[in-house]
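# Analysis of the macromolecular model
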Amino acid sequence: MPALIVGNWKMNGLGEDIAEVAAMAGSSAAKGRSGIWIAPPFTLIDRAVIVSAGAVKIGGQDCHGNAKGAHTGCVSAPMLADLGAGFVIVGHSERRRDNGETDADVRAKAMAGRAAELEVILCIGETRGQRDSGQTEAVLSSQLAGSLPDDAEGLIIAYEPVWAIGTGLTPTLGDVETAHAHIRSQIVARFGPAGHGVRILYGGSVTPANAGDLLRVADVGGVLVGGASLTAQSLLAIAAAAP
Ligand code: 13P
């Protein structure tokens with residue numbers, strides 16, 4: 001399975017930055033073996049869809065758990081689909097932290113995303129304290145148990161250790177392999193054989209320098225990239241590092 005390279009722009013990007021999406025879409029990497037997906041801020045989704053012309057899949061960084069209603073300032077999954085988005089990220093640790101999102105909230109968002117026929121990237125990961133106290137696998141199991149949608153179709157899991165996000169720190173390759181194997185076992189236990197088809201991404205301080213090693217770890221199906229996804233030069237260098 002070719003690696004999937006997903007950029008999460010978080011709260012970054014103004015109109016002028018659309019040129020970066022256009023450059024990514026124009027590269028052979030976008031059309032070649034590695035898929036490139038970008039989640040710009042909501043404000044840029046429609047423009048990103050236009051300039052990417054199908055070569056880069058564009059998605060949202062979050063959606064509401066309901067399709068519509070009295071939720072000032074929120075964006076629903078059907079609204080994302082209406083703009084031409086093809087996927088949505090749910091459960092990012094920054095949203096869990098900043099907005100108090102629970103596993104039940106994340107599950108509702110994942111279900112809403114699937115109902116709108118978006119592919120769903122569901123993020124899980126342990127804190128430094130949880131890793132240091134040996135709870136990593138228990139935390140991952142509990143987050144999956146509480147947040148997985150009803151079926152495996154259109155589902156992608158992103159393993160993002162909270163302590164690795166934006167810190168320049170990454171787990172050892174062995175720790176990434178162990179975490180992904182654990183996630184796989186949980187997904188297969190939950191969904192049966194269909195669980196083998198769910199892609200598992202690694203995220204947290206991925207750069208052009210470490211992407212090649214991370215993408216060679218067993219059952220790492222791609223990467224979810226924050227800071228290093230903001231320019232075409234950097235993201236394309238990550239895509240070029242894919243085996
Ligand atoms: P960084 O790549 O900036 O560490 O962010 C990772 C992330 O949170 C992607 O969703």
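Below you will find a few notes about this structure. This is a predicted model, so every value here is computed, not measured.

## A closer look at the packing of helix 1 (residues 18-26) against helix 3 (residues 45-52)
Close contact between helix 1 and helix 3 brings their axes to 8 Å; oriented N to C, the two are set at 30°. Between helix 1 and helix 3, the crossing angle belongs to the class labelled roughly parallel. For helix 1 against helix 3, the interelement crossing comes out right-handed. Facing helix 1, whose interface residues are Ile18, Val21, Ala22 and Ala25, helix 3 presents Arg47, Ala48, Val51 and Ser52. Considering only residue class, the contact of helix 1 with helix 3 consists of 6 nonpolar, 1 polar and 1 charged.

## Side note on the site of the ligand
Inspection of the region around the ligand gives 13 residues, with Lys10, His92, Gly166, Ser205 and Gly226 positioned closest. Asn8 is positioned such that a nitrogen or oxygen atom in its side chain is 3.0 Å from an oxygen atom of the ligand. Measuring from an oxygen atom of the ligand, one finds a side-chain N or O atom of Glu160 at 3.0 Å. Contact with the protein chains covers 94% of the free accessible surface of the ligand, which is 310 Å². Looking at side-chain class alone, the shell around the ligand contains 4 nonpolar, 7 polar and 2 charged residues.

Reading the values: the criteria
Residues numbered from 1 in each chain as written. Predicted model: local features only at pLDDT ≥ 70, side-chain atom pairs only at ≥ 80, totals over all residues. Heavy atoms only, no water. Axes fitted to C-alpha atoms, helices over the stretch in contact; angles between N-to-C directions. Helix = DSSP H or I, 4+ residues; strand = E, 2+ residues; numbered from the N terminus. Parallel < 35°, antiparallel > 145°, perpendicular 65-115°, else oblique. Left-handed = near helix turned anticlockwise from the far one by under 90°. Contact = heavy atoms within 4.5 Å. Nonpolar A, V, L, I, M, F, W, Y, C, P; charged D, E, K, R; others polar. Near = heavy atom within 4 Å. Polar contact = N/O pair within 3.5 Å; in protein donor to acceptor, adjacent residues only side chain to side chain. Areas by Shrake-Rupley, 256 points an atom, 1.4 Å probe, with all protein chains shown as cover.

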